[in-house]
Structures are given as structure tokens and as C-alpha cells.
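# Chain and residue survey
One letter stands for each residue in the lines below.
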Amino acid sequence: MQLKIKVNGEDWTVEAAPADVLLDVLREKLGVKSPKIGCERGDCGSCTIVLDDRTVRSCLVLAVEADGHEVTTVEGLNYEGLSELQDLMVGNNSFQCGFCAPGIVLAATELLEHNPNPTRHDVQEALAGNLCRCTGYEPIIEAVLSAGKGGPS
Amino acid sequence: MVIAHEFDYRRPASLAEAIDALSEHPGSVRVLAGGTDLVAWLRDDAVAPDLVVDIKDVPGLGDITVEDGVLSIGSLVTFTELIESELVAAHIPLFAEMAETVASTGIRNRATMVGNICSAVPSCDTGPVLLVFDTTVHVVGPAGERSIDINDWFVGLRQTALADDEVVTRVTINLRDHGGIYVKLMRYAGEDLAQAAVAIAAYADHEYRVAFGAVAPTPLRSTRIEEALNGKALGDTVVADAVAMVGGEISPITDMRASAEYRTRMTEVMLERGLWAATERLSGAGPEHGVRLI
């Protein structure tokens, strides 16, 4: 099937079978490598993308479901450099290996869009489905809380 | 890991087209809404349909409405939409409380309440909360529309009363004043399936509805416990008598997430705490929604 998917603002036409999963099509056919292949069952959050206006697990979406829709990955978040949240995460050493980072950046960005001043509980809840095995979450949560307060004082 | 077998895909633009498509491959067709279960099952080869019918472009299935005392939740309504709905918050805040315990935001943005009762896994969070209300599942097939009482919906492990060529359009709930609660035991308070769950609705004149999740092959309503409670004001003895019946009502398994003994004991504790909390909520007090009792 020929699918038309807008990815990070660019219109793509891509050939895919109904059984092809969106995560694999993004990575292998379109070369968008920020969504990572982790658990492949929706538990780890490393394949998180924004489909239209909400984060989803791209390992649990068929590529054909995205036909006619818009995908945003961390590459498309901000074309003028890092977002404020990403800057805070860098400054806070939020990540070590970085495997979870694209998913966590998107999940936290979605949280801040809907809830500009989240509590610690809100941040923990929003990131509960994004596993990080390096930094123990604290520097990530702190960065999101700082972004919520409009940046570090 | 890829999905190993091929299938056809349709995304019909109307209910009539969807029903036609479902009849194309009798016995080997699956309806796709949020897909958070279906795509995982396709990957695992747990299901291998010839055809997948994606209903996301069918108009009219994504609404939450209240009309003449009936709350209607369309089959495309996601858990996130339940959490954000003002109608749900005003009429059955218990549904939002339940939805907040389901998986993670990225799943809740996609997964639907109706998809959850169609998957019908033992730990499905929507089963117990729908069982404590007068809930009807509305389905459409080649023979027309049919309504299924939620009490007749769950017929076995991952099995429902839905026929292969039918599709659910919505669930409706008759609204009554109630105090409701959903108590869910998880290994940690982030993202987990229920190890055991209890839903309770307390109605006026000491009427109660009690349902359990993850402790039987299907979500389970206990009319025996309800009968033991009905007509009685809650007190220590009444609650203790109800709690003593739990072991005879449920049939939990031991697996990697919990032992049968642990599930049984915790279900007793959750029933006790839940009965008090639901009754307090009926009187306008009780714990704030979202507070975890366990």
C-alpha cells in the first residue's frame, strides 16, 4: 500500500504492508531514528512519537493507521535548536545513555502543554510509562519541574 | 520483531461499510480501534486474522453524551478522553478514577474503553466499573442493532458475547445517584496491570453493587455479596460478613505478578476499604477521587 504520512512537517509517500508497524517504517524506511526499539509491547516508552496531537507508542500502531496523519518525533520539536525543556535536561544531566531521552522529551512536552505547572506527582504520573535505566529519574523529574516553573530561578 | 503474517486492512468511512467488511472473512477478522492490545497480539501471533477493520474513520463513535439520564460512551472514546471529560467528571467520576490507573499516558491516548471490554482480559479495568452500573453494550451487525446487558457480556477468558461480524458502537449507563470507587492493586503506583481490583457503587437505601477484576477468568460481579449487603447500613459486622464471602466468590490464579493467596487477602482488604469509601462518597464526603486506598 502507498501511505501518505506527514513526518516532522514533511510530506512522505511510503510503500508499506498492512502488517508493517509504524515504528519500523519510521526507522527503516524514512530514516527517522529517534524512536527506539525497546520492549515492543508498549511498556517502555522508548518508541514514543506524537501522532497528530498526542503521544502514542509507535510500536503499537500499524503504519497504515498513520496514513493521512501527522507524526512528530523529537527531531521535529523545535527547528531552531533545543527546546527550553531540552536545555534544562542537558543542564541537569538528565540522561546518560540517551536511549529513553526522545520518548521522555516528548512525554514531558505533552505534559507541559496540558499542564504548564505540574506537581511532582503529575510529572511522575506522566513519565510512568517511560523507563530509564541510567539516571534514576530524579534529574529528569527535576528538569521537568524547572521547565514548569518557567525555567530555573 | 515484526508481525509475521500478512493480513488485509480496511478503514471504512461508515458503519455500513464496516459491517460489510466484517462479513468478508467470516471467523478471521478483527476490529481495530486503539490497537494497543490488537497490535501486541498480532506481534505475538496470539491472533492471526485475514482482515483487520480499522473503525477510527467511522463517524459518530467518538462521542461522550448525556441525554435523558443516560451516559453514552462511544467505542472510539479513549481513556485520556474519559479523564478529560467534564460529563464523566460530573456524572461518574469513578470512570476517570479508573482510567487514570490504566497503563501510561501514551497508551491511554490510544486505548479505548470499549476496546478494553472487547479484549476482555481478566485484569481489564473497565469491566468491574461497568458491572456496578446498569450498563448496556450496543452492537451492530448484518442483522441490525442489538443491545447486550453488561452482565451477559463477559462469557469466558478473553471471550465476549460479540459475534465476529458485529462491531460495538457504544456503551450506555443509566445514571443514578451513587458513591463509587475503584480500588486497584498494582506492584507499584506507576504503570501496571491489576493484581486484583474491586469496584463498588453504593446507592440510596443501602443498595450496593460489587465487582472484582483480575481474580477470575472474567471481570466478576458478585450478586451474593450484594445480597448480603443490600438493605443494611454499613457496620463492622456487615462489612466483616461481606469480606468473609470473598474467598468463595473469586478464583484467582498464581502467576508472576501475584500469588492466589495474596490476591485473595488483598481483595478482602480492598472490599472492606472500598465499601466504607463508596458509602462515604454517596453521602458527599469520602476520599478525594484519585486517592489510592491500597
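Attention in this report is confined to the structure presented alongside it. Quick caveat: nothing in here was measured; it's all calculated off a predicted structure.

All names here are of chain B. Ordered by their spatial adjacency, three strands build an open sheet running S1-S3-S2, and the pairing between neighbours is parallel. This sheet does not close on itself; its edge strands, each paired only once, are strand S1 (8–10) and strand S2 (29–32). Strand-to-strand twist of the sheet, defined as the mean angle between neighbouring strand axes without regard to direction, takes the value 20 degrees. Sheet topology places S1 next to strand S3 (residues 51–54); three bridges connect them, and they run parallel.

When two helices pack together, you describe them by how their axes are tilted relative to each other and by the distance separating the axes. Residue and element names in this part refer to chain B. Orientation of helix H10 (residues 236–249) relative to helix H11 (residues 260–282), taken along the N-to-C sense of each, is 150 degrees, at an axis distance of 9 Å. One finds that H10 runs roughly antiparallel with respect to H11. Where H10 crosses over H11, the handedness of that crossing is right-handed. On H11, the residues that touch Asp236, Val239, Ala242, Val243, Val246 and Gly247 of H10 are Thr264, Thr267, Glu268, Leu271, Glu272, Leu275 and Trp276. Among the residues making up the contact of H10 with H11, the classes are represented as seven nonpolar, three polar and three charged.

Now for the pattern of salt bridges. Pairing of side chains with opposite charge becomes possible as their charged atoms draw close. All names here are of chain B. Inspection of the entire model under this criterion finds 24 salt bridges over all chains. Note that Lys56 and Asp54 form a salt bridge whose closest N and O atoms lie 3.1 Å from each other. For Lys56, a relative accessible area of 27% translates into the label partly exposed. Residue classification places Asp54 among the buried residues on the basis of a relative accessible area of 0%.

A few words on the sheet that holds strand S5 (residues 70–74) of chain B. Residue and element names in this part refer to chain B. Strand order in the open sheet formed by five strands is S4-S5-S10-S6-S7, with antiparallel pairing between adjacent strands. Looking at the sheet topology across the chains shown, the edges are occupied by strand S4 (64–67) and strand S7 (144–149). With strand direction ignored, the average angle separating the axes of adjacent strands in the sheet is 25 degrees. Against the sheet, helix H1 (residues 15–22) engages strand S6 (135–141) and strand S10 (167–174), with an angle of about 120 degrees to S10.

Residue and element names in this part refer to chain A. Both strand S1 (residues 2–7) and strand S2 (residues 10–15) contribute to a ladder of six bridges, which runs antiparallel. Counted as the bridge partner of Lys6 is Asp11 from S2. Between S1 and S2, which pair antiparallel one after the other, the connecting turn spans two residues, and Asn8 there sits at a positive phi close to 50 degrees.

So, about the side chain of Arg108 of chain B. Assignment of secondary structure puts Arg108 of chain B in helix H6 (residues 105–108). Ignoring anything within four residues of it in the chain, the contact list for Arg108 of chain B reads Glu125 of chain A together with Thr78, Phe79, Thr80, Ile83, Ala99, Glu100, Val102 and Ala103 of chain B.

Bringing the nonpolar core into the picture now. All names here are of chain B. Of all hydrophobic cores here, the largest spans 81 residues; its most connected members are Leu82 and Phe95. For Phe95, the residues in contact, after removing those within four places along its chain, are Leu71, Ile73, Leu82, Val88, Met113, Val129, Leu130, Phe133 and Ile173. Counting 28 residues, the second largest nonpolar core, distinct from the first, contains Phe212, Leu234, Ile250 and Leu293.

All names here are of chain B. Evaluation of the coordinates by the stated rule reveals one aromatic pair over all chains. Geometrically, the ring pair formed by Phe95 and Phe133 is edge-to-face, given 5.7 Å between the ring centres and 85 degrees between the ring planes. Of the two residues, Phe95 is situated in helix H5 (residues 93–99) and Phe133 in the loop between helix H8 (126–131) and S6; the sequence distance between them amounts to 38 residues. Since its relative accessible area comes to 0%, Phe95 is described here as buried. The class of Phe133 is buried, set by a relative accessible area of 2%. Positioned over the ring face of Tyr203 is Arg176, at 3.9 Å from the centre of the ring.

Relative to the assigned elements, Glu40 of chain A resides in the loop between helix H1 (22–29) and strand S3 (48–51). Look at Glu40 of chain A and you get buried, because its relative accessible area is 11%. For the pair Glu40 of chain A and Ser58 of chain A, spaced 18 residues apart in sequence, the C-alpha to C-alpha distance is 8.8 Å. Not counting residues within four places of it along the chain, the set of residues in contact with Glu40 of chain A comprises Cys59 of chain A together with Met1 and Arg43 of chain B. Polar side-chain contacts of Glu40 of chain A include one of 3.0 Å to the side chain of Arg43 of chain B.

The rules we used
Residues numbered from 1 in each chain as written. Chains lettered and ligands numbered in written order. Predicted model: local features only at pLDDT ≥ 70, side-chain atom pairs only at ≥ 80, totals over all residues. Heavy atoms only, no water. Pairing = 2+ DSSP bridges. Helix = DSSP H or I, 4+ residues; strand = E, 2+ residues; numbered from the N terminus. Axes fitted to C-alpha atoms, helices over the stretch in contact; angles between N-to-C directions. Parallel < 35°, antiparallel > 145°, perpendicular 65-115°, else oblique. Left-handed = near helix turned anticlockwise from the far one by under 90°. Contact = heavy atoms within 4.5 Å. Nonpolar A, V, L, I, M, F, W, Y, C, P; charged D, E, K, R; others polar. Salt bridge = Lys/Arg side-chain N within 4 Å of Asp/Glu carboxyl O. Buried < 20%, exposed > 50% of the residue type's maximum accessible area, 1.4 Å probe, protein only. Core = buried A, V, L, I, M, F, W, Y, C linked by side-chain atoms within 4.5 Å. Phe/Tyr/Trp six-rings, centres within 6.5 Å; stacked < 30°, edge-to-face > 60°. Lys NZ or Arg CZ within 6 Å of the ring centre and 35° of its normal. Polar contact = N/O pair within 3.5 Å; in protein donor to acceptor, adjacent residues only side chain to side chain.

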